[in-house]
Amino acid sequence: MSEPLVDYQVEKHIATITFNDPKSLNAFGTPLKNQVLVALDKAEADDQVRVIILQGAGGNFSSGGDIKEMLSEGLDKEVVSTKLRGMVEGAGEVSLKLRQVHKPIIAKLEGAVAGAGMNLALTCDFRIAADNAKFVQAFVNIGLVPDAGGIYLLNQLVGAAKATELVMLGDKLKAEDMARLNLVNNVVSADELDATVQALALRLSQLPGKALAAMKESFNVHAFAGLSAALDTEVEQQTVMAKTDDFIEGVSAFIAKRKPVYQGK
């Protein structure tokens, strides 16, 4: 039997949810999305779980949307548009769920943190990055717009001017760049990442859970109230973008070069 695409473990009141598709650098496709939602539901329902860690297997968090799934039924624009609509809706479901679970969620970030993967990390409550992490809003490189709440989240966290730069230019960012923008809470060496994340999770697990839940609910009201509407806009925009020549040409070029989209130009 093949291993599940998402591994779920609970220890010391900490649930660890692991994207487990290292061959694709944990590309975010529909099967992985479905299993992530199941894992988040488990963590939410388990009164013994006080903190959640979200991480990727194989030294990478996530390379973003699964290009192979996007093109699994060919390059017909209508077919691709329908496929992409479903995938964008799915990424949005996970973003909303990460906010709706009233337990602290820590994103443990290393290697590729790209596209939808980066935006899901931005939806979490804490982000701890290894110094080898590479971040990018890769969408513009293939003629798409950010999904999983990307523009909305960046606008909330760094303001419109910097958010515009990040999504329109699609430049890669190092972990220290993210720290300067206050988009990650801490940057540590790759060797220290596990211990640092575990220490934070343990600390959070020993704090009053109901107070933490109330705080997260307040942040949802004051900082993330527009997320659902933003996700709906993304779905409509991405459905249109998938029918453009820019997308078809861009994604075909990346496939021909066998170059991960997260690497950018």
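See the structure printed just above.
For clarity, every value in this text was computed on a predicted model and none was experimentally measured.

**Overview of the overall build of the protein**
Turning to step 1, where the next piece is worked out: Along the protein, the regular secondary structure elements total 11 helices and 9 strands.
Turning to step 2, where the next piece is worked out: Taken over C-alpha atoms, the radius of gyration comes to 17 Å for the protein, in line with the 18 Å a tight globule of 265 residues would show.
Turning to step 3, where the next piece is worked out: Principal-axis analysis of the C-alpha atoms gives the protein an extent of 55 × 50 × 35 Å.
Turning to step 4, where the next piece is worked out: A burial count over the protein gives 50% of its 265 residues as buried.
Turning to step 5, where the next piece is worked out: Of the contacts made within the protein by residues no fewer than 6 positions apart, 75% connect residues no fewer than 24 positions apart.
Turning to step 6, where the next piece is worked out: Carbon and sulfur atoms make up 53% of the accessible area of the protein, which amounts to about 12300 Å² in all.
Turning to step 7, where the next piece is worked out: For the protein, the distance from the average position of its 27 positive side-chain charges to the average position of its 33 negative side-chain charges is 3 Å.

**Some remarks on the pairing of strand β6 (residues 126–130)**
Turning to step 1, where the next piece is worked out: Counting buried positions along β6 yields 4 of 5 residues, so the element is predominantly enclosed.
Turning to step 2, where the next piece is worked out: Bridge count for strand β4 (residues 105–109) against β6 is 4 bridges, and the pairing is parallel. Bridged to A107 within β6 is R127.

**Some remarks on the sheet that holds strand β2 (residues 14–19)**
Turning to step 1, where the next piece is worked out: Ordered in space as β1-β2-β3-β4-β6-β9, the 6 strands form an open sheet in which the pairing is mixed. This sheet does not close on itself; its edge strands, each paired only once, are β1 (6–11) and β9 (186–188). Strand after strand, the sheet turns through a mean of 20° between neighbouring axes, direction not considered.
Turning to step 2, where the next piece is worked out: Pairing between β6 and β9: 3 bridges, direction parallel. Opposite A130, over in β9, you have V188 as the bridge partner.

**Some points on the environment of V140**
Turning to step 1, where the next piece is worked out: One can find V140 in the loop between β7 (134–136) and α5 (150–158).
Turning to step 2, where the next piece is worked out: Given a relative accessible area of 34%, V140 falls into the partly exposed group.
Turning to step 3, where the next piece is worked out: Here V140 is in contact with V167, M168, L169 and G170, once residues within four sequence places are set aside.

**A few points about the packing of aromatic side chains**
Turning to step 1, where the next piece is worked out: Per the counting criterion, the structure on display carries 2 aromatic pairs.
Turning to step 2, where the next piece is worked out: Geometrically, the ring pair formed by F19 and F28 is edge-to-face, given 5.9 Å between the ring centres and 75° between the ring planes. Neither F19 nor F28 differs from the other in exposure class; each is buried.
Turning to step 3, where the next piece is worked out: Judged by relative accessible area, F19 falls into the buried class, the value being 1%.
Turning to step 4, where the next piece is worked out: Three or more aromatic residues joined by ring pairs make a cluster, and in this case those are F19, F28 and F61.
Turning to step 5, where the next piece is worked out: Over the ring of F224 we find R99; its NZ or CZ atom is 4.1 Å from the centre of that ring.

Reading the values: rules and limits
- Residues numbered from 1 in each chain as written.
- Predicted model: local features only at pLDDT ≥ 70, side-chain atom pairs only at ≥ 80, totals over all residues.
- Heavy atoms only, no water.
- Helix = DSSP H or I, 4+ residues; strand = E, 2+ residues; numbered from the N terminus.
- Rg over C-alpha atoms; globule rule 2.2 N^0.38 Å.
- Buried < 20%, exposed > 50% of the residue type's maximum accessible area, 1.4 Å probe, protein only.
- Contact = heavy atoms within 4.5 Å.
- Areas by Shrake-Rupley, 256 points an atom, 1.4 Å probe, with all protein chains shown as cover.
- Lys, Arg positive; Asp, Glu negative; His and termini not counted.
- Charge placed at Lys NZ, Arg CZ, Asp CG, Glu CD.
- Pairing = 2+ DSSP bridges.
- Axes fitted to C-alpha atoms, helices over the stretch in contact; angles between N-to-C directions.
- Phe/Tyr/Trp six-rings, centres within 6.5 Å; stacked < 30°, edge-to-face > 60°.
- Lys NZ or Arg CZ within 6 Å of the ring centre and 35° of its normal.

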